[in-house]
Amino acid sequence: MTVTQMLAEIALRFSTLSLVAIGGINAILPEIHRVVVDVEGWMSAAEFSELFALAQLSPGPNAMIVALVGWKLAGVTGAFVATLAACGPSSVACYLIWQWVDRLRQSPVRAIVQRALAPLAIGLILASGYTLAVGADRSPGAVALTAIATAALAFTRINPFWVLLAAAAVGVSGFA
Amino acid sequence: MTPIDPDHSPLAVISRATLFTSFLKMGLLGFGGVLPWARRVIVDERKWLDDRAFAELIGLCQVLPGPNVVNLAVIIGSRAHGPLGSVIAVSGILLVPVALMLVIASGYASVAHAVAVRNAIAGASAAAAGLILGTAVRLLLHTRPPPRGLVIGGTAFVTVGVLQWPLLWVLVVLVAVGIAAEWRAGSPAQ
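Residues numbered from 1 in each chain as written. Chains lettered and ligands numbered in written order. Predicted model: local features only at pLDDT ≥ 70, side-chain atom pairs only at ≥ 80, totals over all residues.

Chemist: So what exactly am I meant to see when it comes to the interface of chain A and chain B here?
Modeler: Where interface size is given, it is often the accessible area lost as the parts come together that is meant. Taken together, the contact pairs 85 residues of chain A with 90 residues of chain B. Every element with two or more residues in the side of chain A that touches chain B is listed here: α2 (25–39), α3 (45–57), α4 (64–103), α5 (108–136), α6 (140–155) and α7 (160–172) of chain A. For the side of chain A that touches chain B, the leading source of residues is α5(A), giving 25 residues. Partitioning the side of chain A that touches chain B into residue classes produces 63 nonpolar, 19 polar and three charged. (Contact = placed C-beta atoms within 7 Å. Helix = DSSP H or I, 4+ residues; strand = E, 2+ residues; numbered from the N terminus. Nonpolar A, V, L, I, M, F, W, Y, C, P; charged D, E, K, R; others polar.)

Quick look at the structure:
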């Protein structure tokens, strides 16, 4: 397969998944894994896991795993093609839906829907934090770091950057 | 819900440069999750939205396809500068971090097995989970949902977080139940 063919494949595969990514890229991760590893055999399961770990280490939204898969398959261009394919269609849909929602500004229906969605969003944010904590907290020290960071963000206005940096510094000693 | 009102909204007067740098900041600092940074920059630093409006908007972003913070960039960007605003905000939060990540990925192999690096990452990962948990607690304290909201949010947490049920089905059920409960609770007067 030429690079151009590969880029076209990536664009096609990821853009068709974009509109079903309700809940973000994590929702389509199993499907991406199935396509990339099982169906197409573009990389091994171990390579995929390594890319996932790397994506976790990087800044940016969790869509980064998509960019890394594209990078592995077709270099820097592949990374951007994969990212745009995975996030483009959903972003356009979001834009169009928002234009419509925005016009309902005075509608009591919109107020009701928004009030219903807010606590749901908070519950899901809590769930994603919990899922990450289960993966990261493999020692009492790590649990303590998670607890301290939780309290710092919930009850103080400290910059999260210092919390992360301090945790990394404490971690170097093998605490976590 | 006044913060989304166009005539008085601080979102309507964001410059393009501020839009880009704000979302860039969220993207670049969002190690282990962008959401804590999104809330901090949008609510605390720029005061574009209050906690309640932020929670409501992120709720919408959550049920639409695509990463919630990218959807947030699309919406806030469009509020400020139409389609171009969306492109500016998404570039900041997504495309620049991709470029940075490729640099990190290129250098990663050479340091991946150093014990100090692995330990530092373990510490930061544990804290990153806490940043997200703390953001949720903060939103909870500042928006004070009624008991029906706590039930919906609590159910979402237990089913998706603890039980790891598929998100799509949980959303279908909880969105419907949540809207029905709000509807029954009556008028939008808050």
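Past the structure itself, the notes keep going.
Chemist: Explain the packing of helix α3 (residues 51–63) of chain B against helix α5 (residues 115–143) of chain B to me, please; I cannot follow it from the model alone.
Modeler: When two helices pack together, their arrangement is captured by the angle between the axes and the distance separating the axes. All names here are of chain B. Interhelical geometry of α3 versus α5 gives an angle of 120° and a closest axis separation of 9 Å. Viewed along their axes, α3 and α5 adopt a mutual orientation that is oblique. Relative to α5, α3 is oriented so that their crossing is left-handed. Taking contact as the criterion, the partners of D51, R52 and A55 in α3 are, on α5, L139, H142 and T143. Here the residues of the contact of α3 with α5 are counted per class, giving two nonpolar, two polar and two charged. (Axes fitted to C-alpha atoms, helices over the stretch in contact; angles between N-to-C directions. Parallel < 35°, antiparallel > 145°, perpendicular 65-115°, else oblique. Left-handed = near helix turned anticlockwise from the far one by under 90°.)

Chemist: Just checking my understanding: could you explain the confidence of the model for chain B for this structure?
Modeler: If pLDDT is low for a region, its predicted coordinates should not be looked at in detail. For chain B, per-residue confidence averages 89 on the pLDDT scale, and residues scoring 70 or more make up 94% of the total. If you check the scores for this complex, the pTM reads 0.87 and the ipTM reads 0.88. (pLDDT = per-residue confidence, 0-100.)

Chemist: What is the right way to look at the nonpolar core in this model?
Modeler: Looking at soluble globular proteins, one finds that nonpolar side chains tend to be buried together. Core analysis: the biggest nonpolar cluster contains 122 residues, and A:A67, A:L68, A:A82, A:A167, B:A73, B:I93 and B:A127 have the highest contact counts within it. Of all the elements, α4(A) adds the most residues to this core, at 18 residues. When residues no more than four places from it in sequence are discounted, the contact partners of B:A127 are A:L145, A:T146, A:A149, A:V163, A:L164 and A:A167. (Core = buried A, V, L, I, M, F, W, Y, C linked by C-beta atoms within 7 Å. Buried ≥ 20, exposed ≤ 12 C-beta atoms within 10 Å, placed from the backbone.)

Chemist: Quick question: what am I supposed to make of the packing of α4(A) against helix α4 (residues 68–111) of chain B here?
Modeler: Their axes nearest at 11 Å, the elements α4(A) and α4(B) cross at an angle of 165°. Judged on the interaxial angle alone, α4(B) and α4(A) are roughly antiparallel. Judged by the sense of rotation from one axis to the other, the crossing of α4(A) with α4(B) is right-handed. For the contact of α4(A) with α4(B), the residue count by class is 21 nonpolar, five polar and no charged.

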